[in-house]
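Reading the structure
Okay, here's what each chain looks like letter by letter:
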Amino acid sequence: MKHYLYLHAQSARSALLKILRQPFGNLLNLLMLAIALALPVSLYLGVSSLQQWTAKLNTTPQITLFMELSSEPADLAAVESSLKHHPRVAAYRFVHKDAALKELEQRSGLNAISEGLGSNPLPHAFIVTPQPLEPAMLDLLQKELSGLPMVELAQFDAAWARKLHAMITLAGQLAWLLAAVFALAMVLINHNTIRMQILARQEEIAVSKLIGATDSFIRRPFLYHAAWQGGLSALLCWGLSSGLAYQANPALAEFASLYGIDAQLRSLQPLEVLAMLLGAMLLSMLGARLAADHHLRKNQPA
Amino acid sequence: MIRFDQVTKRYPGGHEALRNLSFTVESGEMVFLAGHSGAGKSTLLKLVSGIERATSGNVLVNNQNLSKLRASQLPYVRQHIGVVFQDHKILFDRTVFDNVMLPLDIIGFDRRDAQRRVRAALDKVGLAGKEKVMPIRLSGGEQQRLCIARAVVHRPSILLADEPSANLDRAYALDIMELFKSFHQVGVTVLISAHDETLMEDYGRRIIRLREGQFAA
């Protein structure tokens, strides 16, 4: 067992040395793979950053309940008590119609509105802050609240939140779709580079088989080469995406501050880097394995 | 031990290289294989090393029936056999040392142990000073010796040589034969093919004569 591990360490080492011996050509190869990886990874980071910000935004939407003009204090108390005990209502605030009028006067600068109108045309209102909910649940809540007695209107503009949510979901799906496409590209690129290597070492492979090499011995250096190639390109991609976030963040922060949001593109977490590393290595090895198996099958002695 | 039991080898296209051939080579024996080119010598050696498979009949090598062995098991049979190929099959992209190292890499020898063995094998065939030389710089005779070193470095129990003395002058050919004899003396089963019988007769060993895939009278 120890000897077996020693042999594999040996193969891994010589495969790495082989890559380092041709730094320029291999760097180009690695860059190609890294860029292919960086596209879905960047999109993924963008989408998950956006999800983080909108998670903060989703707590702010409010539902305004306008009461009927004829509502009595008893009605107000009834609505208030059902809001108080509602499980999906986080907080609420009562706005008296006189206070609303005063605010309107202040904002519009028309001090004489009330004098001209004679009586206050504004209704009493409750401003309800729901618990953080999915857009669909918010819709339900709005309908439920508008059904309370003596509530004329429950106003809530959920459309923008729903659109935003749908767009983020779409972008997320696009990221996964891209990831699938580039995973396939990863396999194909490795298949191709390993196939070239096999062709260059055809004679060595043929002689090795004649003097007792097993198929796994023949495959081993190519699998290790592909594993290194995948692993190194994943690290390079990590660098690229971090660099991108580093470049984009100042501009993004400035833009977001206009809306009073603290927005930053997040970078990959250690666990995500590990997953990407393993994924890239496995996909590369799959490409190499397919190329090697194809060659071995084609050159099977009779 | 090598045993052929009614072995026939027919190549695609219908050419019969060996016809219903039966014989035994005992462990530790040294046997010559004679016959004109095309008589089936190379095919016979290829059947022993599992490079080709018999069309019918059984080929037993070290008590394993190669005709019944799965393809994935053949490499392990080859690892116990040393082959001196007719066309040498030397790799010209690496040094003499690395050429001889190849069988040990395949078997998975410890690096340091392997290096010692490679030096011993090169010393044995008289290439001790040429470890770092590229094979293209070697003479024909030296390339032949390199091929022999590679065939014996893993100490196989069976050594096969296909026309090892072809293209060599007689003195050099005798040298090579002496080399094979020395392997035979330490217990290796040796099977050598040649079309020049005068070289064999000096040794007083058994000679299997082939003609058109059968024993010649």
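Each residue is numbered by its place in its chain's sequence as written, counting from 1. Written order decides the labels, with chains lettered from A and ligands numbered from 1. pLDDT decides what is reported in this predicted model: residues at 70 or higher carry local features, side-chain atom pairs at 80 or more are listed and counted, and totals for whole chains, interfaces and linings draw on all residues regardless.

An unreviewed UniProt entry lists chain B under the name Cell division ATP-binding protein FtsE, with Vogesella indigofera given as the organism. What UniProt states about chain B under its Subunit (unreviewed entry) heading is, verbatim, "Homodimer. Forms a membrane-associated complex with FtsX." UniProt positions are given in the numbering used here, feature names are shortened, and annotations may be inferred rather than shown by experiment. Taken from UniProt, the Sequence similarities (unreviewed entry) comment for chain B reads in full: "Belongs to the ABC transporter superfamily."

Chain A is annotated in an unreviewed UniProt entry as Cell division protein FtsX of Vogesella fluminis. Quoted verbatim from the Subcellular location (unreviewed entry) heading of the UniProt record, the comment on chain A is "Cell inner membrane". The UniProt entry for chain A carries the following comment under Subunit (unreviewed entry): "Forms a membrane-associated complex with FtsE."

We now examine the UniProt feature "transmembrane region" (unreviewed entry) in chain A. All names here are of chain A. Under the feature "transmembrane region" (unreviewed entry), the UniProt entry names residues 27–47, 166–189, 222–241 and 273–292. Secondary structure elements are defined from DSSP: runs of H or I of at least 4 residues count as helices, runs of E of at least 2 residues count as strands, and each element is numbered from the N terminus. Along residues 27–47 one finds 100% helix and 0% strand; the C-alpha atoms at either end are 29 Å apart. End-to-end, the C-alpha atoms of residues 273–292 are 28 Å apart, and along that stretch the chain is 100% helix and 0% strand.

All names here are of chain B. With a phi angle near 50 degrees, N20 is a residue other than glycine that sits in the positive phi range. For N20, the location among the structural elements is in strand β2 (residues 16–25). N20 sits in the partly exposed class, given 15 other C-beta atoms within 10 Å. Positioned with a positive phi, N63 is a non-glycine residue whose angle comes to about 65 degrees. Structurally, N63 is set in the loop between β4 (56–61) and β5 (64–65). Our exposure labels follow a C-beta count within 10 Å of each residue's own C-beta, placed from the backbone: buried means 20 or more other C-beta atoms, exposed means 12 or fewer, and partly exposed covers the counts in between. On the basis of neighbour counts, which here come to 7 C-beta atoms within 10 Å, the residue N63 falls in the exposed class.

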